[in-house]
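# Architecture at a glance
Below, each chain spelled out in residue letters.
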Amino acid sequence: MTIALTPSSQRRTPFRDKAARQGLGLTVLAWAIALFFFIPFLWMVLVSFRSETDAATNPPQLFAPFSVEGYRNFFGADPWGPLLNSATASGLSTALVILLAFPAAYALSIRPVKKWQDVLFFMLSTKMLPIVAAILPIYLFAQFSGLLDNILLLTIFYTSMNLPIAIWMLRSFLAEVPGEMIEAAQLDGANLGTTLRRVIAPVVMPGIAAAALICFIFSWNELLLARVLTSTVAQTAPVYLTGFVTSQGLFLAQVCAASLVVSIPVLAAGFAAQDKLVQGLSMGAVK
Amino acid sequence: MTTEVAQDAVRTGAPPPAARREGGMSEKWRRRLPLLPALIFVIVLTQLPFLGTLIVSFTDWNSYYPDDRGFAGLSNYARIFTDVNARSAVVVTIVLTVSVVLICLVLGLVIALLLDRRFPGRGVVRTMMITPFLLVPIAAALLWKHALYNPEYGLLNGLLTVFLGNDAPQPDWVGSMPLPALIAAISWQWTPFMMLILLAGLQSRPMDVVEAARLDGASNWQVFRHMTLPHLRPYIELSVLLGTIYVVQNFDHVFTITAGATGSANLPYFVYQTFYTAQDYGRASAAGVVTVAGTLIVAMLALRTVFTVFQEESR
């Protein structure tokens with residue numbers, strides 16, 4: 001094989017220099033664009049580790065004395081309640097989403113209901129319903145039922161927000177489970193719950209992980225619903241961030257430190273599972 | 001028969017009564033059962049509230065004047081379409097969405113093409129590119145507003161000072177050009193999203209065919225135009241559809257960076273303001289309904305094509 005290739009690569013030698021130069025140019029371009037996109041983030045990290053006086057200078061300093069003043073101020077303002085609320089709402093709703101979406105995906109792929117395409121279509125269409133179009137009745141209901149400022153209500157609505165995405169994703173993974181496997185399990189007398197748990201779940205674990213990741217990120221990021229439905233008790237981290245800036249005035253290092261800390265769970269999850277991120281974002285269409 | 005069921009139950013750990021009940025159910029309902037909890041959940045929590053919005057949109061209801069509640073007919077809608085602010089919100093939504101999606105698509109495609117070849121540090125470049133997308137949107141918006149756009153100590157004006165000296169222009173980015181400021185900040189976050197989907201599309205290309213075309217003397221441009229682009233089409237459509245859905249609903253950036261000032265309020269922000277600040281429930285609901293109608297019209301056009309993508313994928 002290698003021998004057969006040699007003549008053709010020799011024939012292309014005159015073009016090689018040009019190709020190599022072109023390749024180098026493209027590599028430099030790729031690095032340049034990536035740096036351009038990365039600089040705002042890098043700047044945020046740099047500024048977050050400065051004292052407030054060093055953070056807000058013009059012209060900007062590339063190097064300034066290291067300081068954790070911003071972080072100390074952020075954690076000194078006791079952000080643990082909001083962070084815990086965010087973790088609760090995101091974690092609980094993600095678990096609930098998977099619990100509901102998994103059997104639903106089964107009924108849309110392996111043993112499909114008659115109008116499974118319409119159901120999928122409907123699920124996607126709910127994602128086109130902006131939250132603002134439903135927020136008033138939700139707010140009135142929360143007020144009426146006394147669930148305003150209750151993290152459980154937010155959890156429920158995060159579940160409904162992410163359920164369609166998870167169903168789409170899991171369906172596309174379940175559709176690839178070989179039918180013989182399920183038939184064999186059911187010949188053995190396994191009921192639906194057992195089949196789902198013992199036979200299908202292990203096979204589609206990557207899909208479940210991807211769906212869970214994306215649902216967690218979307219819930220963690222959500223601001224509008226949280227802002228309308230929570231105030232002091234159930235306030236989530238994004239809501240806390242908006243209030244933090246207005247109430248503390250502007251302290252650049254502190255703002256950068258706070259933004260970074262709140263983003264850390266998403267950054268960690270996203271970096272750890274880049275491929276899952278793609279699957280999740282495309283609702284399982286891209287694997 | 002009974003012993004068989006019992007034995008099965010022992011083997012699978014399932015209670016026999018449940019097994020018998022499932023056996024008695026019609027096939028149709030047995031198929032529907034696993035779907036129902038999720039379906040009911042979604043219908044109750046998304047469709048009912050929207051129905052509520054629809055009803056309220058036909059009423060006169062301002063919570064500052066609780067006694068003046070009543071049927072309003074279409075007057076809320078008439079006010080939406082004649083109100084300058086509401087009309088401006090419609091235009092802003094369209095301008096914002098179209099420009100962001102186009103910028104993200106073009107940049108995302110270029111970067112995806114650059115990343116679709118082996119070079120030193122490719123993994124690092126990919127990771128750096130994804131980072132903007134992994135910031136919580138409100139955190140990213142705060143970063144742009146305070147650390148980059150601030151006229152006194154933001155990085156942008158700071159760089160102007162560095163390169164042009166002390167008498168360099170120091171524009172008030174958000175105040176003088178609110179829409180471009182929003183577009184830049186939102187595009188920064190969503191370009192990685194488009195890039196990731198398009199990159200996945202590029203990497204699913206059958207490379208042997210491309211190699212064959214290259215050997216037959218096809219130029220890079222010819223390969224791109226006649227092979228890569230047609231293959232990417234469904235991925236482009238998918239990224240545009242999803243990008244549109246997400247960007248149309250953008251609230252965090254508008255809320256944080258401009259707070260809707262100087263004609264930069266989009267529909268979600270307008271609805272939020274009308275409902276939350278002005279407490280005009282009727283008018284806010286009408287604006288919400290208009291937002292949904294607009295989103296649906298745009299998305300439905302693209303939806304059919306996307307659906308065929310999924311069908312091809314599952315084949």
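Residues numbered from 1 in each chain as written. Chains lettered and ligands numbered in written order. Predicted model: local features only at pLDDT ≥ 70, side-chain atom pairs only at ≥ 80, totals over all residues.

## Observations concerning the overall build of chain A
Along chain A, the regular secondary structure elements total 15 helices and zero strands. Taking 2.2 N^0.38 as the reference for a compact globule, 287 residues should give roughly 19 Å; the C-alpha atoms of chain A span a radius of gyration of 25 Å, well beyond that estimate. When the backbone C-alpha atoms are referred to their principal axes, chain A occupies close to 80 × 70 × 30 Å. Sorting the 287 residues of chain A into buried and exposed places 48% on the buried side. By sequence separation, contacts in chain A at least 24 residues apart represent 78% of the contacts at least 6 residues apart. (Helix = DSSP H or I, 4+ residues; strand = E, 2+ residues; numbered from the N terminus. Rg over C-alpha atoms; globule rule 2.2 N^0.38 Å. Buried ≥ 20, exposed ≤ 12 C-beta atoms within 10 Å, placed from the backbone. Contact = placed C-beta atoms within 7 Å.)

## Side note on the domain arrangement of chain B
One can read the domain layout of chain B as domain 1 (18–53) and domain 2 (82–314). Computed over C-alpha atoms only, the centres of domain 1 of chain B and domain 2 of chain B are separated by 36 Å. (Domains from an automatic or database assignment.)

## So, unusual backbone geometry
Residues and elements named next belong to chain A. A positive phi angle, close to 55°, is found at aspartate 78, a residue other than glycine. Mapping aspartate 78 onto the fold places it in the loop between helix H4 (69–76) and helix H5 (80–106). Look at aspartate 149: it is not a glycine, yet its phi comes out positive at around 65°. Looking at where aspartate 149 falls in the secondary structure, it is placed in the loop between helix H7 (135–145) and helix H8 (151–174).

## As for helix H15 (residues 274–281) of chain A
Owing to its 3.6 residues per turn, the α-helix brings residues three or four apart onto one side. All buried positions along H15(A) are accounted for by Leu277(A), Val278(A), Gln279(A), Gly280(A) and Leu281(A). Along its buried surface, H15(A) packs onto H8, helix H11 (205–221) and helix H14 (252–272) of chain A together with helix H11 (178–203) of chain B. Following H15(A) by one or two positions, Met283(A) adopts a phi angle in the positive range, close to 55°.

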